[in-house]
Amino acid sequence: TGVGLMPHYHPVRFAEDTAVLDNISNGRVELCFGIGYLPFEMSGYGYDPKTRGRRSDEILHIVRRLWQGETVTFKGEFHDLTKARIFPLPVQKPSIPMFIGAVAPPGLKRAAKYGDGYAGPLVNWPAYVEEVKALGKPASAARIISIDAADLWSVVTDDPEAGLNEIAPHCYYQ
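Residues numbered from 1 in each chain as written. Predicted model: local features only at pLDDT ≥ 70, side-chain atom pairs only at ≥ 80, totals over all residues. Heavy atoms only, no water.

Draft legend 1. Structural context of the sheet that holds strand S1 (residues 4-5). On the basis of which strands lie adjacent, the open sheet formed by five strands has the order S1-S2-S5-S6-S7 and parallel pairing. The outermost strands of the open sheet, each flanked by one partner alone, are S1 and strand S7 (144-146). Across three bridges, the pairing between strand S5 (residues 98-101) and strand S6 (residues 117-120) is parallel. Bridged to glycine 101 within S6 is alanine 119. Sheet contacts for helix H3 (residues 52-67): strand S2 (31-34) and S5; angle to S5, the most-contacted strand, approximately 175°. (Pairing = 2+ DSSP bridges. Helix = DSSP H or I, 4+ residues; strand = E, 2+ residues; numbered from the N terminus. Contact = heavy atoms within 4.5 Å. Axes fitted to C-alpha atoms, helices over the stretch in contact; angles between N-to-C directions.)

Following this line, the structure appears as structure tokens:
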């Protein structure tokens, strides 16, 4: 899959579902999540688009703790959990690898803080590495999955306009 939208998930459900997937795959799961950018998707889930970054940060904080086997009591802006835990725990230790998609500075900070790597345009790589170093991590800890318009699409068609019209509705979801 491409990049999932973290604000759309409940942290306990997400942590447990992905831990189950990690067990079924015998530790071969890697994930990638961003905060989204399409207003109609956010309104469909009933939250203010201005909260998507803070929501994601809160979820990522909780999920990492659950994956590591903690029993989590947490009172945040969006989630209030008492003694939450998951079973089974992920096969991968300390947790399932998760890349964070980003194109803006707050997302690069989020990727450095909560992610195991960055997913996004290669042009943002130097800024992401700086965010990794600002957290006291070595530059060698920075990982990337390059996702850019140039990386995703190769379309062959005799009629470019018809080809674009055919694929355009699906481009939102890549």
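What follows picks up the thread again.
Draft legend 2. Focus on the side chain of aspartate 22. Residue placement: aspartate 22 occurs in helix H1 (residues 11-24). Of note is the side chain of aspartate 22, whose polar atom sits 2.6 Å from the side chain of glutamine 92. Those residues in contact with aspartate 22, other than ones at most four positions away along the chain, are Gly27, Arg28, Val29, Pro90, Val91, Gln92 and Ile96. (Polar contact = N/O pair within 3.5 Å; in protein donor to acceptor, adjacent residues only side chain to side chain.)

Draft legend 3. Region of interest: the packing of helix H4 (residues 105-114) against helix H5 (residues 125-134). For the pair H4 and H5, the least separation of the axes is 8 Å and the interaxial angle reads 50°. When the axes of H4 and H5 are compared, the pair comes out oblique. Note on packing geometry: the crossing formed by H4 with H5 is right-handed. Contact with H4, carried on its side by Leu108, Lys109, Ala111 and Ala112, involves Ala127, Tyr128, Glu131 and Val132 of H5 and no other residues of that element. (Parallel < 35°, antiparallel > 145°, perpendicular 65-115°, else oblique. Left-handed = near helix turned anticlockwise from the far one by under 90°.)

Draft legend 4. Expanded view of the nonpolar core. Counting 32 residues, the largest nonpolar core has Leu31, Leu66, Trp67, Met98 and Tyr128 as the members making the most contacts within it. Of all the secondary structure elements, the ones that give two or more residues to this core are H1, S2, H3, strand S3 (72-75), strand S4 (80-84), S5, H4 and H5. Of the residues forming this core, the biggest block, six residues, is contributed by H3. Among all residues touching leucine 66, those that are not within four sequence positions of it are Pro11, Val12, Ala15, Val72, Ala84, Arg85, Ile86 and Leu89. (Core = buried A, V, L, I, M, F, W, Y, C linked by side-chain atoms within 4.5 Å. Buried < 20%, exposed > 50% of the residue type's maximum accessible area, 1.4 Å probe, protein only.)

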